[in-house]
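# Inside the fold
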Amino acid sequence: MSAEQDLPDVTADLFRQLWRGVGATATLVATEHEGQRHAMMATAVTSVSLDPPSLLVCVNRSASAFRALEARGAFSLGILPAAQQDLGATIAHAPAQERFDHGDWARLDAPKQDCHQLPWLRETATTLFCKVENSLDHGTHCLLIARIDAAIGETPTDPLLYMNGQFGRFTEMHG
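Small disclaimer: the values here were computed from a predicted structure and weren't measured. (Residues numbered from 1 in each chain as written. Predicted model: local features only at pLDDT ≥ 70, side-chain atom pairs only at ≥ 80, totals over all residues. Heavy atoms only, no water.)

### Digging into the state of the cysteines
Stated formally: The disulfide definition used here is simple: a pair of cysteine sulfur atoms within 2.5 Å. Remark: exposure states derive from per-residue accessible area (1.4 Å probe, protein chains only) relative to the maximum for the residue type, with buried under 20%, exposed over 50%, and partly exposed in between.
Within the structure shown, the criterion is met by 0 disulfides. Residue C115 stays outside any disulfide, its sulfur separated by 8.5 Å from that of C130, the closest cysteine. By relative accessible area, C115 is classed as buried at 0%. On the basis of relative accessibility, which here comes to 1%, the residue C130 falls in the buried class.

Here is the structure:
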């Protein structure tokens, strides 16, 4: 027989400490609402479905871009290449009102789509233009499930990754 183990309570601090070791792709989420552009770096992003093409983005409701994302219901999601590590770090650490001062930003010209005029960063390898179809509040975050309406760029072959508080890149293992 095994003895019962004393398990620690899983607090926010413990979970944060443990989850820091899980790497994720660094993405750039951007939107525009009422003439104001908003952007944020996000790593809590995953694919949901191929039919319809859709993804999930988890956004802290205290994030400066959250209210605009919620109100607009559409956003661009850029996948940064590893070569853009410095730009990604600069945007991530810039005050919200200065994030568009860095990089070469454009607006999508697609007047017949919900993603019309969304800002996107030209330095991304791929940018997906998304329309929020569903959302769910859970704890500190809102989970946005979005249909991908348009995409530009190419398959990222060397995406910028984020783990343990640092940017990095994928290294293939042989053997």
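### What about the layout of surface pockets?
Quick reminder of the rule: Of the grid points, spaced at 1 Å and generated over the protein atoms alone, those admitting a 1.4 Å probe that cannot get out make up cavities, while open sets with protein on both sides within 12 Å along at least five of seven lines make up pockets; any residue with an atom within 4 Å of a point is treated as lining. Grid points are joined across faces, edges and corners, and a volume is the space filled by probe spheres set on the points. By the criteria applied, helices consist of DSSP H or I runs no shorter than four residues and strands consist of E runs no shorter than two, each listed in order from the N terminus. Each residue gets one label: Ala, Val, Leu, Ile, Met, Phe, Trp, Tyr, Cys and Pro are nonpolar, Asp, Glu, Lys and Arg are charged, and the others, such as Gly, are polar.
Estimated volume of the largest pocket: approximately 1,400 Å³. Around the largest pocket sit 33 residues that line it, and W19, T43, A44, C58 and H141 are the ones nearest its centre. Where the lining of the largest pocket is concerned, the elements lending two or more residues are α1 (12-19), β3 (36-42), β5 (53-60), α3 (85-93), β11 (161-163) and β12 (166-168). No other element matches the 4 residues that α1 contributes to the lining of the largest pocket. Taken together, the residues of the lining of the largest pocket sort by class into 18 nonpolar, 12 polar and 3 charged.

### Observations concerning the side chain of T127
Convention followed: By the criterion applied in these results, polar contacts are pairs of N or O atoms within 3.5 Å in which, for protein atoms, one can donate a hydrogen and the other can accept it, and in which residues neighboring in sequence qualify only through two side-chain atoms. In what follows, residue pairs with any heavy atoms lying within 4.5 Å of each other are defined as contacts.
Along the chain, T127 falls in strand β9 (residues 126-138). You can call T127 buried: its relative accessible area is 1%. Polar contacts involving the side chain of T127 include one to the side chain of T124, which spans 2.6 Å. Those residues in contact with T127 that sit more than four places away from it in its chain are S76, L77, G78, W120, L121, A150, A151 and I152.

### Quick word on α3
Filter applied, for reference: The directions considered for the arc run from the helix axis to the C-beta atoms.
Among the residues of α3, those classed as buried are L87, G88 and I91. Axial view of α3: buried residues confined to an arc of 100 degrees, hence all on one face. The exposed set on the far side of α3, more than 90 degrees from its buried face, consists of D86 and H93. The elements touched by buried residues of α3 are β2 (27-33), β3, β7 (105-107), β8 (119-121) and β12.

### Observations regarding empty space enclosed by the protein
Applying the stated criterion to the full structure yields 1 cavity of 30 Å³ or more. Volume-wise, the largest cavity comes out at about 40 Å³. Around the largest cavity, the lining residues are L28, V29, A30, S76, G78, W105, W120, L121, T124 and T127. For the lining of the largest cavity, the secondary-structure elements that each account for two or more residues are β2, β6 (74-79) and β8. Broken down by element, the residue count for the lining of the largest cavity peaks at 3 residues, all from β2. Of the residues in the lining of the largest cavity, the class split is 6 nonpolar, 4 polar and no charged.

### A few points about the sheet that holds β5
Quick note on the threshold: Strand pairing is assigned whenever DSSP detects at least two bridges linking the two strands. To obtain each axis, a line is fitted to C-alpha atoms, and for helices this fit is confined to the stretch in contact; angles are then taken between N-to-C directions over 0 to 180 degrees.
Spatial ordering of the open sheet is given by β3-β2-β6-β9-β10-β5-β4, a layout of 7 strands whose pairing is antiparallel. The open sheet has two edge strands with one neighbour each: β3 and β4 (45-50). Neighbour-to-neighbour, the strand axes of the sheet open up by a mean angle of 30 degrees, direction not taken into account.

### A closer look at the sheet that holds β12
Read from one edge to the other, the open sheet built from 3 strands follows the order β1-β11-β12, with strand pairing classed as antiparallel. Since the sheet does not close on itself, it has two edges, and those belong to β1 (24-25) and β12, each with one partner. Bridge count for β11 against β12 is 3 bridges, and the pairing is antiparallel. In the sheet register, L161 faces β12, and the bridge partner there is G168.

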